[in-house]
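Overview (structure and organization)
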Amino acid sequence: MASQLLRRLIGSRSTTRFLSGAANPCPSLLSSSSSPAARVFSSTSTPITATLFPGDGIGPEIAESVKQIFREAEVPIQWEEHYVGEQIDPRTQSFLTWESLESVRRNKVGLKGPMATPIGKGHRSLNLTLRKELNLYANVRPCYSLPGYKTRYDDVDLVTIRENTEGEYSGLEHQVVRGVVESLKIITRQASLRVAEYAFHYAQAHGRKRVSAIHKANIMQKTDGLFLKCCREVAEKYPDIVYEEVVIDNCCMMLVKNPTLFDVLVMPNLYGDIISDLCAGLIGGLGLTPSCNIGEGGIALAEAVHGSAPDIAGKNLANPTALLLSAVTMLRHLELHDKADRIQDAILKTIAEGKYRTADLGGKSTTTDFTQAIIDHL
């Protein structure tokens, strides 16, 4: 049974064509077939330069796992590494340097480990800085059950697509009077249409049959109402795809009761943050979940969405699966499908075999042992 599930996942619509099939619904949207990096590789067979943010905490350790496995698999990637600065860069108003952002803009493709922003210190979020400065408008997270790794659900296969640039995360807060603060939720037609277009085109390109718009328009009638209006407008152009609207609280209940009710979910920023983590919990946690951010100008930044886990940093205990699977999505974006299949196959076989698993997966293996087991399966 596990081997059958493994074969299904290797050829699954949610994994084998994570980004490669999602051609642009308009010229400004990202398509792997038009990726500058992909075209350079196909025409010159030279290594592709990709930006790498190892990140904080366990980030450098799991980034090293990715680099080792890529070397063993002979992936033609040349990493351009950038680390979080120790002081605020006034050009970005965060610990991310302007040079690191320019690297992503230039290379058009990158991989990011976990980054930690000090809480309550007034610093601009590192992840928010990346999304804003690079205009990463859609966060795409496939969520699927892994063969051989038992959870409460055996047949999860859905994708969350989150609007990434506005909503409650616009960062517009101020104090009205002492003891009263206000935070503004921004929803625009442009951003809503853009993420809705991406969601429906993604569904069509990947053989998905249903798109669910998640909202709270019964309370936030203006903001979420505009988001739904844009989704309906886009849905009319895709008559072959079933479109539905689900209130956020009901969506959470339905996901926990029966996640097979959903296929592709598209939603504003805050709801996407919550729902995507909930979905990760259905299949074993953020340590098993790939993620990729899509931006205008042809940018794709894959990332591990789990935390930096400072309590185990430097102890050789971290699970690199999420960053590895995210790196696989980066390879698919670059149309390096053979390399992506080979690495993904090795990851899933290692987890299904069960001999080498890190502590968060119920095992006792070190990061080094787990990485070596994947290499042995290549």
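This text goes with the structure placed above it.
In short, a report on the structure.

**Here we look at a nonpolar patch on the surface**
Taken together, the side chains of Val176, Val177 and Val180 define a hydrophobic patch exposed on the protein surface, amounting to about 230 Å² of accessible area. As for its placement among the helices and strands, Val176 is situated in strand S6 (residues 173-177).

**Here's the deal with the sheet that holds strand S11 (residues 292-295)**
On the basis of which strands lie adjacent, the open sheet formed by ten strands has the order S2-S1-S3-S12-S11-S4-S5-S10-S8-S9 and mixed pairing. Strands with a single pairing partner mark the edges of an open sheet, and in this sheet they are strand S2 (77-81) and strand S9 (242-247). The sheet shows a mean angle of 25° between the axes of neighbouring strands, direction not considered. Sheet topology places S11 next to strand S12 (residues 299-303); four bridges connect them, and they run antiparallel. Each residue of the ladder has a partner; that of Cys292, found in S12, is Ala302. Strands strand S1 (48-53), S2 and strand S3 (109-112) of the sheet are contacted by helix H3 (residues 59-72), whose axis makes an angle of about 160° with S2. Lying over the sheet, helix H6 (residues 189-205) contacts strand S4 (136-144), strand S5 (157-163), strand S8 (210-215), S9, strand S10 (264-267) and S11, oriented at roughly 160° with respect to S5.

**Some thoughts on the pairing of S8**
Across a regular strand the side chains alternate sides, sitting on one face of the sheet and then on the other. Where burial is concerned, most of S8 is hidden: five out of the six residues are buried. Of the pairings in the sheet, the one linking S8 to S9 comprises six bridges and is parallel in character. The partner of Ala213 across the bridge, within S9, is Glu245. Crossover S8 to S9 through helix H7 (residues 223-235) is right-handed.

**Let's talk about helix H4 (residues 98-107)**
Every buried residue of H4 is listed here: Ser100, Leu101, Ser103, Val104 and Asn107. End-on, the buried residues of H4 take up no more than an arc of 150°, which puts them together on one face.

What counts, and at which threshold
Residues numbered from 1 in each chain as written. Predicted model: local features only at pLDDT ≥ 70, side-chain atom pairs only at ≥ 80, totals over all residues. Heavy atoms only, no water. Patch = residues over 30% accessible without salt bridge, like charges linked within 9 Å, V, L, I, M, F, W, Y side chains within 5 Å. Areas by Shrake-Rupley, 256 points an atom, 1.4 Å probe, with all protein chains shown as cover. Salt bridge = Lys/Arg side-chain N within 4 Å of Asp/Glu carboxyl O. Helix = DSSP H or I, 4+ residues; strand = E, 2+ residues; numbered from the N terminus. Pairing = 2+ DSSP bridges. Axes fitted to C-alpha atoms, helices over the stretch in contact; angles between N-to-C directions. Contact = heavy atoms within 4.5 Å. Buried < 20%, exposed > 50% of the residue type's maximum accessible area, 1.4 Å probe, protein only. Right-handed = clockwise from strand over helix to strand, strands pointing away. Arc of directions from axis to C-beta.

Purely geometric stuff here, so don't read any function into it on its own.
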